[in-house]
Amino acid sequence: MSQPPASPCIKKPCHTGEEKFVQCERCALFPLCDPVEVSGGQFNLIEGLLERRVPVAAGAPLFAEEEEFRAIYAISAGAFKLTLPDERSNEKVCGFSFSGELVGYSGMAVGHYPYRAIALEQSYVCEIPYQRLMDYAEKVPELRNNLFTMLSMETFHSHLSFTTLMGRKNVDQRVSSFLINLEQRTRRRGFDHPTLTLSMRRDDIANFLGLPKETLSRALSKFQQQGLINIDGRRLVLADYQQLLNTAGLPAAKTE
């Protein structure tokens, strides 16, 4: 497939060879990419519709807040932070999206993107133009059903992430819940467990959790001293997952 024309918000640097691409069957977009049966034949959404692995440079916005909603994106590699201006027009981090997850789909309801998505590192996205998707879905009921399945699953996981973090009042609970949530999302997409790669800066994590950066750093240092985590640069290993769950006040992990 020929490379699509660059969006004004998307920069297209060279492929570094270091990207960790999610497997297609682990991606949230897979229900749409998987061929469906139509009148005894196979209908594949990818053909003529999906733009695959469009690169987005670190620091570049994929889309801006209030920009007209035109496409749904699936992150095939990399990570994005989602931001809104607060009451003083300062940046407020309202979430993070990682490989295998959808980003921008909430714009379907209001006709524009409700937040800004900024690449935290060299990233790649698969892009589906929304209007063309809906045109296809009107003609192919199986595709429409798969679209609803995809959005329902992504909404469920987003709600689960939100409820995991809500109600965590003290610092240790907030930080441990955040790390567990990252691990669960990473594992769901088929990546290493229990090793995490922190693509976001500590300033951004602290902003998201509503904590001063120094408070976050002290909590992480304490967890490391207690043997709950090991930090080496951007790599973070959950060394004692069960104790992290206890610290977060979450149910114990199920054993196989």
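What counts and what doesn't
- Residues numbered from 1 in each chain as written.
- Predicted model: local features only at pLDDT ≥ 70, side-chain atom pairs only at ≥ 80, totals over all residues.
- Heavy atoms only, no water.
- Phe/Tyr/Trp six-rings, centres within 6.5 Å; stacked < 30°, edge-to-face > 60°.
- Lys NZ or Arg CZ within 6 Å of the ring centre and 35° of its normal.
- Axes fitted to C-alpha atoms, helices over the stretch in contact; angles between N-to-C directions.
- Helix = DSSP H or I, 4+ residues; strand = E, 2+ residues; numbered from the N terminus.
- Parallel < 35°, antiparallel > 145°, perpendicular 65-115°, else oblique.
- Contact = heavy atoms within 4.5 Å.
- Nonpolar A, V, L, I, M, F, W, Y, C, P; charged D, E, K, R; others polar.
- Buried < 20%, exposed > 50% of the residue type's maximum accessible area, 1.4 Å probe, protein only.
- Arc of directions from axis to C-beta.
- Pairing = 2+ DSSP bridges.
- Polar contact = N/O pair within 3.5 Å; in protein donor to acceptor, adjacent residues only side chain to side chain.

Caption draft 1: Structural view of the packing of aromatic side chains. Counted according to the given criterion, the structure contains 10 aromatic pairs. Here a set of aromatic residues connected by ring pairs shows up, and it is made of Phe63, Phe69, Tyr73, Tyr113, Tyr115 and Tyr130. If you follow arginine 53 out to its NZ or CZ, it ends over the ring of phenylalanine 21, 3.8 Å from the centre.

Caption draft 2: Structural context of the packing of helix 5 (residues 202-209) against helix 6 (residues 213-225). Direction vectors running N to C along helix 5 and helix 6 enclose 100°, while the axes themselves pass 9 Å from each other. Between helix 5 and helix 6, the crossing angle belongs to the class labelled roughly perpendicular. From helix 5, Arg202, Asp203, Ile205, Ala206 and Leu209 reach across to helix 6, where they touch Lys213, Leu216, Ser217 and Leu220. Residues that form the contact of helix 5 with helix 6 fall into these classes: five nonpolar, one polar and three charged.

Caption draft 3: Structural detail: helix 7 (residues 241-248). Here helix 7 has its buried residues at Tyr241, Leu244, Leu245 and Ala248. For helix 7, the angular spread of buried residues about the axis comes to 100°, placing them on one side. The inward-facing, buried residues of helix 7 contact helix 4 (171-188), helix 6, strand 12 (229-232) and strand 13 (235-238). Within two residues after helix 7, glycine 249 carries a phi angle of roughly 75°, on the positive side.

Caption draft 4: Fine view of the sheet that holds strand 3 (residues 51-56). Strand order in the open sheet formed by four strands is 3-10-5-8, with antiparallel pairing between adjacent strands. Since the sheet does not close on itself, it has two edges, and those belong to strand 3 and strand 8 (102-103), each with one partner. Here six bridges tie strand 5 (residues 71-77) to strand 10 (residues 123-129), and the two strands are oriented antiparallel to one another. Residue alanine 74 lies in a different strand from strand 10, and its bridge partner there is cysteine 126. With respect to the sheet, helix 2 (residues 130-139) is in contact with strand 5 and strand 10, its orientation differing from that of strand 10 by roughly 50°.

Caption draft 5: Summary view of the environment of aspartate 203. Residue placement: aspartate 203 occurs in helix 5. Using a relative accessible area of 34% as the deciding quantity, one classes aspartate 203 as partly exposed. Expressed as a C-alpha distance, the spacing of aspartate 203 and valine 93, which sit 110 residues apart in the sequence, is 9.8 Å.

Caption draft 6: Quick look at the side chain of serine 176. With respect to the secondary-structure elements, serine 176 resides in helix 4. At a separation of 2.6 Å, a polar atom in the side chain of serine 176 contacts the main-chain carbonyl oxygen of aspartate 172. Polar side-chain contacts of serine 176 include one of 3.4 Å to the backbone nitrogen of alanine 248. Apart from the residues lying within four places of it in its own chain, the contact partners of serine 176 are Phe223, Leu244, Thr247 and Ala248.

Caption draft 7: Representation of the pairing of strand 7 (residues 91-98) within the structure. The pairing of strand 6 (residues 79-85) with strand 7 spans seven bridges and is classified as antiparallel. Across the sheet, phenylalanine 80 pairs through a bridge with serine 97, a residue of strand 7. The antiparallel hairpin formed by strand 6 and strand 7 contains five residues in its connecting segment, where serine 89 sits at a positive phi of about 65°.

Caption draft 8: Geometry of the sheet that holds strand 7. Read across the open sheet, the four strands follow the order 4-9-6-7; overall the sheet is antiparallel. Unpaired on one side and paired on the other, strand 4 (61-63) and strand 7 mark the two borders of the sheet. Averaged over all adjacent pairs, the angle separating strand axes in this sheet is 30°, with direction ignored. Sheet topology note: the strand 4/strand 9 (residues 116-119) ladder contains two bridges and is antiparallel.

Remember, this is a structural readout, not a statement about activity or role.
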